[in-house]
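Analysis of the macromolecular model
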Amino acid sequence: SHVAPCGGRLQVVDDLPGLQRRLAGELESRARAAIAGRGAFSMALPGGSIAEAFFPTLAMLAVDWSRTDFFWIDERAVAPGDPDSNYGLASRLWLTPAGVPASRVHRLRGEAIDLEQAARMAAEELIAIAGDPPRLDVVLAGAGEDGHVASLFAGCGTGPRPGQDALVAAVYDSPKPPPRRLTLTMPALSGAGLVVVAALGRSKAVAVRDALGTGGCTTPLAELLRRAKASLVLIDREAALC
């Protein structure tokens, strides 16, 4: 483990089981401290390959899930039962096995016809739980091959860039399907007590290298790591090859 140029911590671990143990230890200690200190812990979850790789392990942590509030960093514009739903994936791999109470689950309603209204409602819920401005305890995110994070893509959008003011934004032109999404924005993500970025495989190596470098990279991943109060980047050997 060493300090990355952006000010966060970078840890390269040989294999997935090692990464699972490292992330599990970090989350368990932070959750226990938050619950002991103020009676609650809050985090925002990703979807995709990071969810599949880590959620079954995290579901078994010795944490009081009845005192843990779950949010999502982004969601596709699909119903919660759709195979592409980030909430649905988390429900199957973590929330249901761990017995998380429904009152602690704050999903992004991607199936809403009016995504702008859904974004406003999600922002209100985030503020109600995590404060104004919100300060989630942990944000867990993956890294896109193009350096995107959540559903914040470089150059995405024809209007104001998502994330300049709002906490939750509707996205209509995602370069990855489906084009319609909801996403936490940079202020909501970077305001967390800890931002954890996990990246697996050689295809993520360039994006991680550029984001951690000192060359003025402008990808959303690089911006998040620059703006985060504290960050931990967990990568395997393949993602560290650049």
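Our subject is the structure that appears above.
An account of the accompanying structure is given in this report. (Residues numbered from 1 in each chain as written. Predicted model: local features only at pLDDT ≥ 70, side-chain atom pairs only at ≥ 80, totals over all residues. Heavy atoms only, no water.)

1. With respect to the sheet that holds strand 5 (residues 74-76)
Strand order in the open sheet made by the three strands is 5-8-7, with antiparallel pairing throughout. With partners counted over all chains shown, the strands left at the sheet margins are strand 5 and strand 7 (168-171), one partner each. The mean angle between the axes of side-by-side strands here comes to 15°, regardless of whether they run parallel or antiparallel. With three bridges joining them, strand 5 and strand 8 (residues 181-184) adopt antiparallel strand pairing. In the strand pairing of strand 8, aspartate 74 is matched with threonine 183. The strands touched by helix 4 (residues 115-130) are strand 7 and strand 8; relative to strand 7, the strand with the most contacts, the crossing angle is about 160°. (Pairing = 2+ DSSP bridges. Helix = DSSP H or I, 4+ residues; strand = E, 2+ residues; numbered from the N terminus. Axes fitted to C-alpha atoms, helices over the stretch in contact; angles between N-to-C directions. Contact = heavy atoms within 4.5 Å.)

2. Here we look at unusual backbone geometry
Backbone torsion omega between aspartate 132 and proline 133 reads 0°, so that peptide bond is classified as cis. By secondary structure assignment, the location of proline 133 is in the loop between helix 4 and strand 6 (138-142). Geometrically, the link from proline 177 to proline 178 is a cis peptide bond, its omega value of -5° lying close to zero. In this fold, proline 178 is placed in the loop between strand 7 and strand 8. A positive phi angle, close to 50°, is found at alanine 150, a residue other than glycine. In this fold, alanine 150 is placed in the loop between strand 6 and strand 7.

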